[in-house]
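# Residue-level structure breakdown
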Amino acid sequence: MIDLFQELYGTILRNKLRTALTGFAVAWGIFMLIVLLGAGNGLIHAFEQRSSAMVMNSMKIFPGWTSKAYNGLREGRYIALNDADRRATATAFPEHVLTTGATVSQSGVSLANGKERVSISINGVFPNYPELDAVKLKRGRFINDRDLRERRKVLVLHEKTADILFPNTDPIGKHVRTANVSYLVVGIYSDQNSFQPSALAPFSTIQLVYHKGDSIENFIFTTAGLTDEVSNARFEQDLRRLMGSRKQFDATDSNAIWIWNRFTQYLQQLTANRILHIAIWVIGIFTLLSGIVGVSNIMLITVRERTHEFGIRKALGAKPASILRLIVAESVAITTFFGYVGMVAGIAVTEYMNQVAGEKVVDSGMFQMTVFENPTVDLSVAIQATVTLIIAGTLAGLFPALKAVRIRPIEALRAD
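Conventions we followed
Residues numbered from 1 in each chain as written. Predicted model: local features only at pLDDT ≥ 70, side-chain atom pairs only at ≥ 80, totals over all residues. Heavy atoms only, no water. Helix = DSSP H or I, 4+ residues; strand = E, 2+ residues; numbered from the N terminus. Buried < 20%, exposed > 50% of the residue type's maximum accessible area, 1.4 Å probe, protein only. Contact = heavy atoms within 4.5 Å. Areas by Shrake-Rupley, 256 points an atom, 1.4 Å probe, with all protein chains shown as cover. Polar contact = N/O pair within 3.5 Å; in protein donor to acceptor, adjacent residues only side chain to side chain. Salt bridge = Lys/Arg side-chain N within 4 Å of Asp/Glu carboxyl O. Phe/Tyr/Trp six-rings, centres within 6.5 Å; stacked < 30°, edge-to-face > 60°. Lys NZ or Arg CZ within 6 Å of the ring centre and 35° of its normal. Patch = residues over 30% accessible without salt bridge, like charges linked within 9 Å, V, L, I, M, F, W, Y side chains within 5 Å. Axes fitted to C-alpha atoms, helices over the stretch in contact; angles between N-to-C directions. Left-handed = near helix turned anticlockwise from the far one by under 90°. Nonpolar A, V, L, I, M, F, W, Y, C, P; charged D, E, K, R; others polar. pLDDT = per-residue confidence, 0-100. Pairing = 2+ DSSP bridges. Core = buried A, V, L, I, M, F, W, Y, C linked by side-chain atoms within 4.5 Å.

## A word on the overall build of the chain
Across its full length, the chain carries 13 helices and 15 strands. For the chain, with 416 residues in total, the buried portion stands at 46%. Put simply, 77% of the contacts in the chain that link residues at least 6 apart link residues at least 24 apart. Carbon and sulfur atoms make up 59% of the accessible area of the chain, which totals about 21100 Å².

This is how it looks when you write it as structure tokens:
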């Protein structure tokens, strides 16, 4: 074994530049693979972080416009929703609908605190809103059942709104004014997935103050027993039939109401993540393959240059396996050494990305969203890359080694 190492060392030293250039291609291939995997993980981890704050087994129903005629009614009708639709859904599907909620909204409300003002929507919600949507209470309390029953004029502000209206004070317990109503601030919430954060008030209060009657902007519910895309699609069809009979539209008209199914959206995103991961491996492997082809070509040149030597070895009684082992070992040594150099460099770059952009958050002032998080690679990736390098090095040297084994001593001695 020591003789083998010494011989490999001597062979590599005799061709330093050629070995270095060939090894660079291998190092670059594994470097790109690690960096691409790290960047892909940054996107995937950001998605997982956003998803963790959301209730995945839930559906949100929005009004729409019909695109098909129905029972003599023209297409293009607006399908409004009301709170009775929420209650009817819970009654019709007791085995699948767990908890329901609804939102009634008033947009363009000017909230004021002294000289500080902000134009915002106020959403009337139920006390179970945090259980249904991606909101997190930061301080104070949320709307409760007594607020709902007594139609109290209380608000839960988004943290961005609170910073604008109360830049230097704690807003809890303070009042904000609209044109004709004063609201007591009882809590502060955050929501990374909201593009237009609103102030939250009791559902019944917004109905009363802004004369909304029974109309709602949307309703939401959590589900049970819908564990795959097939069962979710079947439930959506049943829900459309129910709403179609209530609102007089074709159950096959997907534009009449819009169903945001978070579970199927999550499954689709998981599929997209898997495709992204596979695509990164394919790109990385092909980049690495270019380096491996270079190693194989160099080994073919080595075999040709050492034809005389291999002929003499075989004439002196060297076994074909020893020559095979020599060529393959040299190929594995080059790919493994330079591959690890590329791997270490790639891991260093991913760690740098993690320090610089490891928690990249898009912040427009009124909303923020994590789009890049923890772009690093796991230990399992390093193990997979190691196995890939060993296999690649073996294959790169195997064909030149088989050519060397087939050389006859007499032909080798005659070769130029």
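## Focus: the environment of N123
Relative to the helices and strands, N123 resides in strand β5 (residues 116-125). In the structure, N123 is positioned 82 residues away from T205 in sequence and 9.9 Å away in space, judged by C-alpha atoms. Beyond its immediate chain neighbours, meaning those up to four positions away, N123 contacts T103, V104, S105, S198, A199, L200, A201 and I206. Here the side chain of N123 touches S105 through a polar contact of 2.9 Å, side chain to side chain.

## Re the pattern of salt bridges
Opposite charge on two side chains allows them to pair when their charged atoms are near. This model, assessed by the stated rule, comprises 13 salt bridges. For the salt bridge of D85 with K247, the shortest nitrogen-to-oxygen distance reads 3.0 Å. Taken together, the residues span a long stretch of sequence, with D85 in helix α3 (residues 83-92) and K247 in helix α8 (residues 229-247) at a distance of 162 residues. No difference in accessibility class separates D85 from K247, as the two residues are buried. For R141, the salt bridge identified is with D147, shortest N-O distance 2.7 Å. The partly exposed category is assigned to R141, whose relative accessible area is 29%. The class of D147 is buried, set by a relative accessible area of 0%. Sharing partners across several salt bridges, the network here consists of R141, R146, D147, E150 and R152.

## Overview of the packing of aromatic side chains
What the rule picks out here adds up to ten aromatic pairs. Ring geometry for F24 against W28: centres 6.4 Å apart, planes inclined by 25°, an arrangement best described as stacked. Residue F24 and its partner W28 are located together in helix α2 (residues 16-52), separated by four residues, close to a single helical turn. Following the ring pairs from residue to residue traces out a cluster consisting of F93, F219, F221 and F235. Taking NZ or CZ as reference, R262 lies 4.4 Å from the ring centre of W260, over its face.

## Details of a nonpolar patch on the surface
Taken together, I278, V282, F286, L289 and V293 make up a surface patch of nonpolar side chains, about 470 Å² in accessible area. If you trace the backbone, V282 turns up in helix α9 (residues 262-305). Overall, the relative accessible area of 41% leaves V282 in the partly exposed class.

## Concerning unusual backbone geometry
Phi is positive for R151, which is not a glycine, with a value near 50°. Tracing the sequence through the fold places R151 in the loop between α5 (145-150) and β7 (154-158). One non-glycine residue, H211, lies in positive phi territory at about 55°. Position of H211 relative to the elements: it lies in the loop between α7 (203-209) and β11 (215-216). For H211, a relative accessible area of 70% corresponds to the exposed category.

## Overview of the packing of α8 against α9
Geometry of a packed helix pair, given as the angle between the helix axes and the separation of the axes. For the pair α8 and α9, the least separation of the axes is 10 Å and the interaxial angle reads 145°. α9 is crossed by α8, and the crossing has left-handed handedness. Two secondary-structure elements touch here, α8 through E229, N232 and E236 and α9 through F263, T264, L267 and Q268. Partitioning the contact of α8 with α9 into residue classes produces two nonpolar, three polar and two charged.

## Remarks on the confidence of the model for the chain
On average, residues of the chain score 83 in pLDDT, and 88% of them reach the 70 mark or higher. Strand β14 (residues 359-363) is the least confidently modelled element of the chain, averaging 56 in pLDDT, while strand β10 (residues 199-202) averages 96, the highest of any element.

## Structural notes on the pairing of β7
In terms of burial, β7 is largely enclosed, as five of its five residues are buried. Burial along β7 is two-sided: V154, V156 and H158 facing one way and L155 and L157 facing the other are all buried. Pairing of β7 with strand β9 (residues 182-190) involves five bridges; the strand directions are parallel. Bridge pairing in β9 links V156 to G187.

## Notes on the side chain of N123
A relative accessible area of 14% places N123 in the buried class. Polar contacts involving the side chain of N123 include one to the side chain of S198, which spans 3.4 Å.

## Remarks on α3
One full turn of an α-helix is made of 3.6 residues, so residues set three or four places apart face in the same direction. Looking at α3, one finds that the buried residues are D83, D85, R86, A88 and T89. For α3, the secondary structure elements touched by its buried residues are β3 (81-82), β4 (97-113), α7, β11, β12 (218-223) and α8. One side-chain oxygen of the residue at the start of α3 lies 3.1 Å from the amide nitrogen of A84, identifying that residue as N82.

## Here we look at the side chain of S190
Turning to its location among the elements, S190 is positioned in strand β9. Classification of S190 as buried rests on a relative accessible area of 13%. Other than its neighbours up to four places away in sequence, S190 contacts A134, V135, K136, K138, H158 and E159.

## Regarding the nonpolar core
Grouped together as the largest cluster of nonpolar side chains are 43 residues, with contacts concentrated most on I61, L111, I122, L155, L157, Y183 and L239. It is β4 that provides the largest number of residues to this core, a total of five residues. Dropping the residues within four chain positions of it, I122 is found in contact with V104, S105, Q106, V109, L111, L155, Y183, A199, A201, I206 and Y210.

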